[in-house]
Every structure is written in structure tokens, then in C-alpha cells.
Amino acid sequence: MSMFCFQCEQTVGGKGCTVAGACGKKADVSNGQDELTGALVGLARAADGQTPPRSAIEVMLKGLFHTITNVNFSVEDANALTREIHLEKNKLGGAPDMPADTLWAGDEDIVSLRSTLLLGMRGMAAYAWHAYVLGHSDPEVDAWFFKGMKALGEDRDPGAWLDLLMEFGQVNLACMKLLDAANTGAYGTPTPVKVPLMIEKGPFIVITGHDLLDLKMLLEQTEGKGINIYTHGEMLPAHGYPELKKYPHLKGNYGTAWQNQQKEFDHIPAPVLFTTNCLMPPRANYMDRIYTTSVVGYPGLVHIDEKSDGTKDFSEVIAKALELGGWDEDKPMTGINGGTEVMTGFAHGTVLGVANKVIDAVKAGAIKHFFLVGGCDGAKPGRNYYTDFVKQTPDDTVVLTLACGKFRFNDLDLGTIGGLPRIMDMGQCNDAYSAIQVAVALAGAFECGVNDLPLTLVLSWYEQKAVCILLTLLALGIKNIYLGPTLPAFLSSNVLQILVDKFDIHPVSTPEADLKAIMG
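Keep in mind that what you see is a predicted model, and the values were worked out from it rather than measured.

*Asks:* What is the right way to read the overall build of the protein chain from this model?
*Replies:* Secondary structure summary: the protein chain contains 17 helices and 16 strands in total. Taking 520 residues into account, the globule formula puts the C-alpha radius of gyration at 24 Å, and the protein chain, at 22 Å, falls close to it. For the C-alpha atoms alone, the extent of the protein chain along its principal axes is close to 60 × 60 × 40 Å. A buried classification covers 60% of the 520 residues belonging to the protein chain. Restricting to contacts in the protein chain with at least 6 residues of sequence separation, those with at least 24 account for 74%. Working note: accessible area of the protein chain is about 19,000 Å², and carbon and sulfur atoms make up 52% of it.

*Asks:* It is not clear to me how helix α14 (residues 432–445) should be interpreted in this structure. Could you clarify?
*Replies:* Each full turn of the α-helix corresponds to 3.6 residues, which orients residues three or four apart in the same direction. Taking 1.5 Å per residue as the helical rise, α14 with its 14 residues ought to reach 20 Å, and the 20 Å between its terminal C-alpha atoms agrees with that figure. Residues of α14 that are buried: Ala-432, Tyr-433, Ser-434, Ala-435, Ile-436, Val-438, Ala-439, Leu-442 and Ala-443. Elements in contact with the buried residues of α14: α6 (158–187), α11 (348–353), α12 (355–363), β9 (369–375), β14 (455–460) and α15 (464–475). Following α14 by one or two positions, Glu-447 adopts a phi angle in the positive range, close to 55°.

*Asks:* Before we go on, may I ask you to explain the sheet that holds strand β13 (residues 423–425) in this structure?
*Replies:* Within a sheet, neighbouring strands are paired by backbone hydrogen bonds and run either parallel or antiparallel to one another. Across the sheet, six strands lie side by side as β13-β10-β9-β14-β15-β16; this open sheet has parallel pairing. Bordering the open sheet on either side are β13 and β16 (506–507), each of which pairs with just one other strand. Sheet analysis places β14 next to strand β15 (residues 482–484), joined by three bridges and oriented parallel. The residue bridging Ser-460 from the neighbouring strand is Gly-484, located in β15.

*Asks:* Got a minute to help me understand helix α10 (residues 315–324) in this structure?
*Replies:* Of the positions making up α10, those classed as buried are Val-317, Ile-318, Lys-320 and Ala-321. All buried residues of α10 lie within an arc of 160° about the axis, which places them on one face of the element. Contacts from the buried residues of α10 go to β2 (204–208), α7 (212–222), β6 (290–293) and β7 (302–304). Phi turns positive, to about 85°, at Gly-325, one or two residues after α10.

*Asks:* In this structure, what is going on with the pattern of salt bridges? I would like to understand it.
*Replies:* Opposite charge on two side chains permits pairing when their charged atoms draw close. Per the counting criterion, the structure on display carries 22 salt bridges. Here Glu-9 ties to Arg-383 by a salt bridge, and the two come within 3.1 Å at their closest N and O atoms. Of the two residues, Glu-9 is situated in the segment before α1 (27–47) and Arg-383 in the loop between β9 and α13 (384–392); the sequence distance between them amounts to 374 residues. Glu-323 is the partner of Lys-320 in a salt bridge, and the nearest nitrogen-oxygen pair spans 3.7 Å. With a gap of three residues between them, Lys-320 and Glu-323 both fall in helix α10, about one helical turn apart. Here Lys-320 falls in the buried class, since its relative accessible area comes to 11%.

*Asks:* What is the right way to read the state of the cysteines from this model?
*Replies:* Covalently bonding the sulfur atom of one cysteine to the sulfur atom of another cysteine gives a disulfide. Considering all chains together, one arrives at zero disulfides under this definition. Cys-404 carries a free sulfur, and the closest cysteine sulfur to it, the one in Cys-376, is 5.6 Å from it.

*Asks:* Explain the pairing of strand β8 (residues 341–344) to me, please; I cannot follow it from the model alone.
*Replies:* Remark: a regular strand shows side chains that alternate across the two faces of the sheet. Side chains of β8 alternate between two faces, with Val-342 and Thr-344 buried and Glu-341 and Met-343 left unburied. Where strand β1 (residues 193–196) meets β8, four bridges bridge the pair, whose relative direction is antiparallel. Opposite Val-195, over in β8, you have Val-342 as the bridge partner.

*Asks:* Just to check I follow, could you spell out the sheet that holds strand β3 (residues 228–232) for this structure?
*Replies:* The parallel open sheet is built from six strands, whose spatial order is β4-β3-β2-β5-β6-β7. Among the strands making up the open sheet, the edge pair consists of β4 (250–253) and β7. Across the sheet, the mean angle from the axis of one strand to that of its neighbour is 30°, orientation sign disregarded. Sheet topology places β2 next to strand β5 (residues 272–274); three bridges connect them, and they run parallel. Residue pairing for β5: Ile-207 is matched across the bridge by Leu-273. α7 rests against β2, β3, β4 and β6 of the sheet, and its axis sits at about 170° to β2. Sheet strands in contact with α10 are β2, β6 and β7, and its direction is about 135° off that of β2.

*Asks:* I keep staring at the pairing of β6 and nothing clicks. Help me out?
*Replies:* The two faces of β6 match: Ile-290 and Thr-292 on one face and Tyr-291 and Thr-293 on the other face are all buried. Judged from the three bridges that link them, β5 and β6 form a sheet pairing that is parallel. The partner of Leu-273 across the bridge, within β6, is Tyr-291. For β6 and β7, the ladder comprises three bridges, and the chain directions are parallel. Looking at the pairing, Thr-293 lines up with Ile-304 of β7.

*Asks:* Teacher, can you tell me more about the packing of aromatic side chains here?
*Replies:* Within a pair of aromatic rings, the relevant descriptors are the distance that separates the centres and the angle that separates the planes. What the rule picks out here adds up to 20 aromatic pairs. Here the aromatic cluster, defined as three or more aromatic residues joined through ring pairs, consists of Phe-204, Tyr-230, Tyr-254, Phe-265, Phe-274, Tyr-286 and Trp-327. Here Arg-156 stacks its cationic end above the ring of Trp-161, 5.6 Å away from the centre of that ring. Against the face of Trp-327 rests Lys-331, its NZ or CZ located 5.0 Å from the ring centre.

The rules behind the values
In every chain, residue numbers begin from 1 and rise along the written sequence. Where local features are concerned, this predicted model is filtered to residues with pLDDT of at least 70; where side-chain atom pairs are given and counted, the filter is 80 or more; whole-chain, interface and lining totals use all residues. Side-chain descriptors were evaluated using all non-hydrogen atoms of the structure, hydrogens and water having been removed beforehand. Helix and strand assignments come from DSSP, with helices taken as H or I runs of at least 4 residues and strands as E runs of at least 2, each series counted from the N terminus. Radius of gyration: over C-alpha atoms. The globule rule applied is 2.2 Å multiplied by the number of residues raised to the 0.38 power. Here's how the labels work: a residue is buried when its accessible area is under 20% of the maximum for its type, exposed when over 50%, partly exposed in between, all with a 1.4 Å probe on protein chains only. Note on contacts: a residue pair qualifies if any of its non-hydrogen atoms lie within 4.5 Å across the two residues. To measure how exposed things are, a 1.4 Å probe is used in the Shrake-Rupley method; for residues, cover is taken only from the protein chains shown. How far a helix is expected to stretch is found by multiplying one less than its residue total by 1.5 Å. Strands pair, by our definition, only if DSSP identifies at least two bridges between them. Throughout, the arc means that of the directions going from the helix axis to the C-beta atoms. When a carboxyl oxygen of Asp or Glu lies within 4 Å of a side-chain nitrogen of Lys or Arg, that pair is called a salt bridge. Cysteine sulfurs are considered disulfide-paired once they come within 2.5 Å of each other. In this description, a line fitted to the C-alpha atoms serves as the axis of each element, helices being fitted only across the stretch in contact, and the angle between N-to-C directions of two axes falls anywhere from 0 to 180 degrees. Side-chain rings of Phe, Tyr and Trp (the six-membered ring for Trp) are treated as a pair once their centres are within 6.5 Å; stacked means planes under 30 degrees apart, edge-to-face means over 60, and tilted covers the remaining angles. Geometrically, a charge over a ring is one whose NZ (Lys) or CZ (Arg) sits within 6 Å of the ring centre while staying within 35 degrees of the ring normal.

See the structure below:
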């Protein structure tokens, strides 16, 4: 059985996976997810001219989220979700699905532009879903999913596709704002905090992914049970939220970024709960202690379903933690560079709270440049670029970071400037919204455009949430972005050239050469 997928940075040969996914996804799963995507186009067609009910919006978000890299590896889950989509489509009067074999077929440039939109919407769906489970939605964002999915089955010239991509970028900004409001409304404004990497002896649970509501429910259900909770990967920024860090058994962070899980979870004496991506095919020595929830799925793993009232019962995970018992002694762990603690909590509320101090430092020459170095991490060679880049940034510069790419350097101690650490973790990938707000505020303070600021974005990408963030940055007119470690396979040479010409996108080269070009 053959397949085609080129949506992630690790796609085979930088062109596409055709036998099995580099992520571990099998061909039948990939094809099932293509069928699911075609069904979503049919749902969008059926909803044209109507206001889709909440049930149709929900299945649209779930369907797109389901197809993000390293979320779901089950063809049965894909087929079941496709049936749900068809039920909703028929309620709206029905419409033909987009044939799966046409998703990636056609003129190279049109396929490139169409695929970029689809992958961006997959990323935005994750953000919309996290806001939705906290009771937040935006009619404009919801409607755009249907507009965008319907557009996938329509003919457009390249110029019209580019216009649609820029429109999408603005809508994704609204979606990130929505999720920011949902998270801060539920859990408070993040504040800086040092997070230990030591794992204390005794029973514990590791929770990974992005869903803060799942963490909140787990903290509530484990309170007083003698079980410690450790974040992993993109869950690290949870420690900055007051309503989460108030739980004393939220102890620290386990390990580093997602691509190291098969090594870091080896014989782990504790369960691991995956709330979103990135799940890798689990190895036999820890498969019996991996649990999934929400849209995450893998054959043979126990899945924790949501109950009708929106809550989840994690008692099976808790029982497994007590059964396994954790380590007998405290277990020291470190970051990639040997550090024993990391910091997080520098979202826009915190950074803008000391904006005057930052502005004064820039005017006085104490801060010469800002770098935003962040995005997705991954397993392919070349990602040490980001570690080396940060290590080589001058002492009078500040490094803002977000998403799991920060694990390449977030345990480094680069000192402080004016009482502020030189490395400031702004949060999860969706917290690119924080970085945008800080940039806009600084531009306002200096009465200039964002592109005139002493600010350079150095981004790493892996999956589809990075795509929607990049499109938002481009829609805002932000230029001179450095992108790596390799360029997306779904960008044709002509489309890439358009982006280079219009937005001055630079493929990363070496830290030395790029820093010289940036700093002069």
C-alpha cells in the first residue's frame, strides 16, 4: 500500500513519505486521514450558505486536529471520525467529499499553496480546540474553517491563493488571541518561575502535550494521594500559571523535547499521559504505561475518554502510578546542556509589565538586539544550530523563546541584563501571540514599525502549528525571518521564491554567518 505525506519537517528525502511516515504513521492511517480531510471539505460544502451547528464546528476542529503530525496513529479512529463528519454533513443537506487522491494532485505551485493553507488550518484547529474546551470560541474563526476547507476544492490562481493565505494568517492571530484569553482567564497571567528537573522519589505521573485543562483535572484528582506530577515537553509553561502552580504536587519538568521520549521514557516507573502531540510509537518496555486522551490515539494504548459533562476520570492513570511506585531515590535529570533547572512564565503580561525597564535598557545601549529563537524541535540532524546560535548571541542581547524548540538551550545560564534573564521563555507554540504583542508594544514605544526594531526571528519548524504561526507573521508583514533547519517540502520552488522576494525569508545557514549578517 502506498501513501503520500509531506506535512512535517522530517518527511523522507525532503520530498514526501510514500511507503510509511517518518513519524511512524502507516500507509493505511495516512490514507484514512486523507479520506477524513476530503470528508471535511464535503462538510464545508454542505454548510455553505448556512450557519453550521456547534456539533458540526466541533467535528471540524477535531477532524483537523486529528491529522496533525504525531497526534493519532489509528486507522480505526480516523474512520470513526469520518463517519461522524458524514453524519454532520448529511444533517446540513449533504455534499460530495473531495476525493482523497486529489488532495495532493495538480499543478505543483497550486498544490503547494493549497497544501500550505490546509496545513495551517490543521495547526489553527488545535488552538481553537484548546480554547473551545475552556468555553471560548470566536464566530469569525469558526466560520473561517468552513471557508478555508471549502476553498481547498475550488480553483484559484496563485495570486488568489496567496491572498487567501494572508487572510488566514490574520484569522489565526485572532485564534491565538482567543486561546490566550481562555488560558489566562482560567489559570491567571503567567509569572516567571524556576522549574526543577529533579524527579523526587515515590509515585509520579508525567503529563505531556498542550492541554492545560487536562493538567488541571489531573492535579485535582491526584491531590492528597501522594503522587507528584511532572510536565513534559510543551506542558512546561504550565508552571507559570498561578492557578496551576498553586498545587504543591506539581513538582517540576521531566526530560526534554518530544523527540527524546523513546530514550527518556525507557523503563520509566510511572505512567505518561499524552494530551496532544507529539506521540512517538512507544517501545515495548514502557507501552503499558502510556495513556492517551482527546484526539490522541495509538493502537493498543489505553484511551481516557471525555464524559458527557466535559470531565475526565484519570483513576486508571492514578492507579498505575501507585502500582509502579516511581523511583526509590530522587533521580537527577538535566536539560540538553546539563542544566538542572529551567525558567518559564515570561508571557506578554510579564514582559510588558517591565516594558519601561526594557525600553530604557535599549535607549541606554544595554540591550542592543532581541532574538526570538523558537518553534518546534525535531530529531533530524542540524537542530544543534539553535543551541549554537543562542550560545553565540552577544552578551548585550536578549533571547525570547517559545514552543519545544527551546529545549535546545533553555537550561543554559546566559546571565542577566538589567535584572532580567537573557533567555525568557514565553510559553507554548501558541504563545507566539505573546511575542507578537511584545513586538507591537515595543514598536509603539519607539514610534517605528516592527521591521524597524532591533529584533530578529530565528524559527525552527516541525509540524503544522508552526505553519499557521509563520502565516500569521507574514500576514502582519514581518520580514527577515530565518527559517530552518530545512525548508518545507510542501513549498514549491516558485512559491518559496515569492515568499523570499516579498518577505525576505532566509534559510538558516550557520550560526556564525547568520549572526554576522544580523548584527553587521
